Amino acid sequence: MSRVPAMKNFYIYAATCVFVDFIYQISFFVALLYMNEKRKAQRRYDWLFCFKQKSTSSDSTFDDEASGSDFDTTSTAFERKGYKLLRWYCNLLEHYAAIRAGIIVVFITFACVSVYGGSKLRVAFDITSLVPSKSYINSFVSALESYSEQDAYTCTAFFRDVDFSSQVVQSQMNAYIDELVDLPQITSYPPHFWLQDFQNFTHASKNASLSSSTTNSSFEEQLDMFLDNDYYNVLYSNLIVRDTSTNGGGAMTESAVILSLDNIDLKNVRDQVSFLSSQEEISRHFDKTLQSLGVKTKPDRMPFFTFSEDYFMWEFYAVAVEELLLSTIASVLAVAVITFLFIPRISVLCIVMLSVIMIYMDVLGLMYWAGFSINPVTLIAILMSIGLMVDYVLHVVMRCFEHHKQQPIMTTSQENDVPKVHVDMYDCLSTIGISVMIGGASTVLSTIPLAFSTSEIFFSIFVIFFGFVMFSLMHGLIFVPAILASFSFHNDDTKTASEDEDESAQEVVMEEEDSSIRKETTAVTIMLAALHEN
């Protein structure tokens, strides 16, 4: 759906990688997990699997504490501490309703503040952010800005595919330049415009003798005389293109004039985008005007237009916010569809969507507070990281609701200590919680080298990745458990005591009916056997 080819290619590449990764996870990775479970069962080291671990008293103590959970004696110290930390947090959520409410309020308040910061993000790109911080280029650019006047942008107005000898065309060319000069980004008329000088050359009173000789000359012959002048030849020989295949100088096919955009701030993106859209509107307007005047032009080619190398970046600025919003909406909708397919419950969908939106706002706020802006690099980093913000939240929620229909991992003594409404949350964090923590930690570690980069661009990528992972972990392990512990989302799956009694009574009646049927069937069978013997 993206209008930017680079972004579209990135999406195709990312989708291909994700699909290949999925195939590996359901095939190759499963085989590795099976081999790893065998290693753990044999108490072998993960990095030196040829050697077995020795049993310790701490292992047996931990086995008693984690009995019934998915932790075995080969669990690492990180997993054990993480398990104890999550168990402590579950107990905290269980006994203190104020803490649950406080966590929810803090997360929502922070998201609201981040919305304000995200709304202040600007679209900009500083070329010096690509080079190391100690590069001499930074010092040179800084000195250039401090001790010299700010250079203005320039653009070139082109004219093509028209009969330049036509007075109508020449009049429209002058009007086109006048329209561009009237834009607020241009404050002065171009000092050198070949058409103005050509008309002055052919009609100047001081060249009366030359004018009389050129009265009956064609436009091409007059142009030859104009360019024979050394002064005009130096100025316009590179701005006038003629068909050299014809006799003489040839008919003019294209021409150009250079405009100075002297009233555009080099760091004001809004001003740059405004000029880009304004000049395009003017060019399209004159295209329609020429057609209405009967001027022959080539289809699908604007006869008058402007161009600058800076337009490439300005075009990106013009669509950057739209691309970001479009990609975000598409990603959120995709997450909603996948979530509803795996857990078809409106309550689950609301929890996941709320967390995803809050995480996204948190990261945009972090970018604002870190002094970053929206540019090609940060936009791609955001789009790459969007998939990270749903993983941890969805894992926790899905495990919690799946566990509700399964046998709890808690022992009888543990269940007696925890209210029934929190049993699912307790067992969920005791199982998937450690896996989520390890997944988040490994993702952060993989991006740590970028934190030491001397280039601002690579450091911004690290901050965005780090923000997505950390906010996702905090929502998955802190915010979502507080939501699930505060509200009961299993009402439609659970049954009241009266419903259970009714079902038990119905089962007893059905068992009695089956027993009586079996007795009657047995009596009939015996009677038939006796008749058969007689």
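The helix and strand tally for the protein chain stands at 20 helices and 4 strands. Considering the protein chain as a whole, with its 534 residues, one finds that 39% of them fall into the buried category. Partitioning the intrachain contacts of the protein chain with sequence separation of at least 6 by distance along the chain shows that 71% fall at a separation of at least 24. Working note: accessible area of the protein chain is about 31,100 Å², and carbon and sulfur atoms make up 61% of it.

Okay, the environment of tyrosine 368 next. Mapped onto the elements of the fold, tyrosine 368 is located in helix H14 (residues 346-369). Here the alpha-carbon distance between tyrosine 368 and lysine 120, two residues 248 residues apart in the chain, equals 7.0 Å. Non-local contacts of tyrosine 368, meaning those with residues more than four positions away in its chain, are made with Gly117, Lys120 and Leu121.

The next point concerns the side chain of arginine 39. Position of arginine 39 among the secondary structure elements: in helix H2 (residues 28-41). Since its relative accessible area comes to 15%, arginine 39 is described here as buried. A distance of 2.5 Å separates the side chain of arginine 39 from the backbone oxygen of arginine 44, its partner in a polar contact. Setting aside its immediate chain neighbours within four residues, arginine 39 contacts Arg44, Tyr45, Asp46 and Phe49.

This paragraph deals with the sheet that holds strand E3 (residues 252-261). Spatial ordering of the open sheet is given by E2-E3-E1-E4, a layout of 4 strands whose pairing is antiparallel. At either margin of the open sheet sits one strand with a lone partner, and together these are strand E2 (240-242) and strand E4 (304-307). Across this sheet, the average inter-strand angle for adjacent strands is 20°, counted without regard to direction. The sheet contact formed by strand E1 (residues 153-160) and E4 spans 4 bridges and is antiparallel. Bridged to threonine 156 within E4 is phenylalanine 307. In the packing of helix H10 (residues 219-228) onto the sheet, contacts are made with E2 and E3, and the angle to E2 comes to roughly 130°.

On to the confidence of the model for the protein chain. Residues at a pLDDT of 70 or more form 77% of the protein chain, whose mean pLDDT is 78. With pLDDT under 50 throughout, residues 406-421 is counted as low confidence; its partners more than four residues away or in other chains account for 28 contacts. Within the model, pLDDT remains below 50 along residues 491-497, and this stretch shows 8 contacts once partners closer than five positions in the same chain are excluded.

One finds Trp194, Val352 and Ile382 to be the most contacted residues of the largest nonpolar core, which totals 118 residues. Per-element tally for this core: the top contributor is helix H19 (residues 456-486), with 16 residues.

A few words on a nonpolar patch on the surface. On the surface, Phe19, Val20, Phe22, Ile23, Tyr24, Ile26, Phe28, Phe29, Leu32, Leu33, Tyr34 and Met35 cluster together to form a nonpolar patch covering roughly 1,200 Å² of accessible area. Looking at the nonpolar patch, the elements with two or more residues in it are helix H1 (5-26) and H2. Looking at where tyrosine 34 falls in the secondary structure, it is placed in helix H2. Given a relative accessible area of 56%, tyrosine 34 falls into the exposed group.

Quick look at the pairing of E1 now. Taking burial as the measure, the 8 residues of E1 include 6 buried ones, the bulk of the element. Relative to E3, E1 runs antiparallel, the two being bridged by 8 bridges. Counterpart to phenylalanine 158 in the pairing with E3 is alanine 256.

All right, on to the pattern of salt bridges then. In total, this model carries 5 salt bridges according to the counting rule given. One salt bridge in this structure joins arginine 160 and aspartate 161, with 3.9 Å as the shortest N-O distance. Judged on exposure class, the residue arginine 160 and its partner aspartate 161 are both buried. Salt-bridge contacts for arginine 284 lead to glutamate 280; the nearest nitrogen and oxygen are separated by 3.1 Å. One end of the pair, arginine 284, and the other, glutamate 280, are both in helix H12 (residues 269-292), 4 residues apart, so they sit about a helical turn from each other. Each of the salt bridges in this network shares a partner with another, and the network as a whole consists of Arg160, Asp161 and Arg301.

Moving on, we get to the packing of helix H7 (residues 167-181) against helix H8 (residues 194-203). Pairs of packed helices are described in terms of their axes, by the angle between the two and the distance that separates them. In contact at an axis separation of 10 Å, H7 and H8 are set at 130° when each is read in the N-to-C sense. Classified by the interaxial angle, the pair formed by H7 and H8 is oblique. Considering the relative orientation of H7 and H8, their crossing is left-handed. Contacts from Gln170, Met173 and Asn174 in H7 reach Trp194, Leu195, Gln196 and Gln199 in H8.

Here the focus is H19. With 31 residues, H19 ought to run about 45 Å at 1.5 Å a step, and its terminal C-alpha atoms sit 42 Å apart, in line with that. The sharpest bend along H19 comes to roughly 40°, located at histidine 475. The buried count for H19 comes to 23 of 31 residues, which makes it a mostly enclosed element.

Across the interface, H14 lies against H19 with an axial gap of 9 Å and an inter-helix angle of 145°. Crossing of H14 against H19: the hand is right-handed. Along its contact with H14, which presents Ile351, Leu354, Ser355, Met358, Ile359, Tyr360, Asp362, Val363, Leu366 and Met367, the element H19 presents Val463, Ile464, Gly467, Phe468, Phe471, Ser472, His475, Phe479, Val480, Ile483 and Leu484. Among the residues forming the contact of H14 with H19, the class breakdown is 16 nonpolar, 4 polar and 1 charged.

Calculation criteria
- Residues numbered from 1 in each chain as written.
- Predicted model: local features only at pLDDT ≥ 70, side-chain atom pairs only at ≥ 80, totals over all residues.
- Heavy atoms only, no water.
- Helix = DSSP H or I, 4+ residues; strand = E, 2+ residues; numbered from the N terminus.
- Buried < 20%, exposed > 50% of the residue type's maximum accessible area, 1.4 Å probe, protein only.
- Contact = heavy atoms within 4.5 Å.
- Areas by Shrake-Rupley, 256 points an atom, 1.4 Å probe, with all protein chains shown as cover.
- Polar contact = N/O pair within 3.5 Å; in protein donor to acceptor, adjacent residues only side chain to side chain.
- Pairing = 2+ DSSP bridges.
- Axes fitted to C-alpha atoms, helices over the stretch in contact; angles between N-to-C directions.
- pLDDT = per-residue confidence, 0-100.
- Core = buried A, V, L, I, M, F, W, Y, C linked by side-chain atoms within 4.5 Å.
- Patch = residues over 30% accessible without salt bridge, like charges linked within 9 Å, V, L, I, M, F, W, Y side chains within 5 Å.
- Salt bridge = Lys/Arg side-chain N within 4 Å of Asp/Glu carboxyl O.
- Parallel < 35°, antiparallel > 145°, perpendicular 65-115°, else oblique.
- Left-handed = near helix turned anticlockwise from the far one by under 90°.
- Expected span 1.5 Å × (residues − 1).
- Bend = angle between axes of the 7 residues up to and from the residue.
- Nonpolar A, V, L, I, M, F, W, Y, C, P; charged D, E, K, R; others polar.

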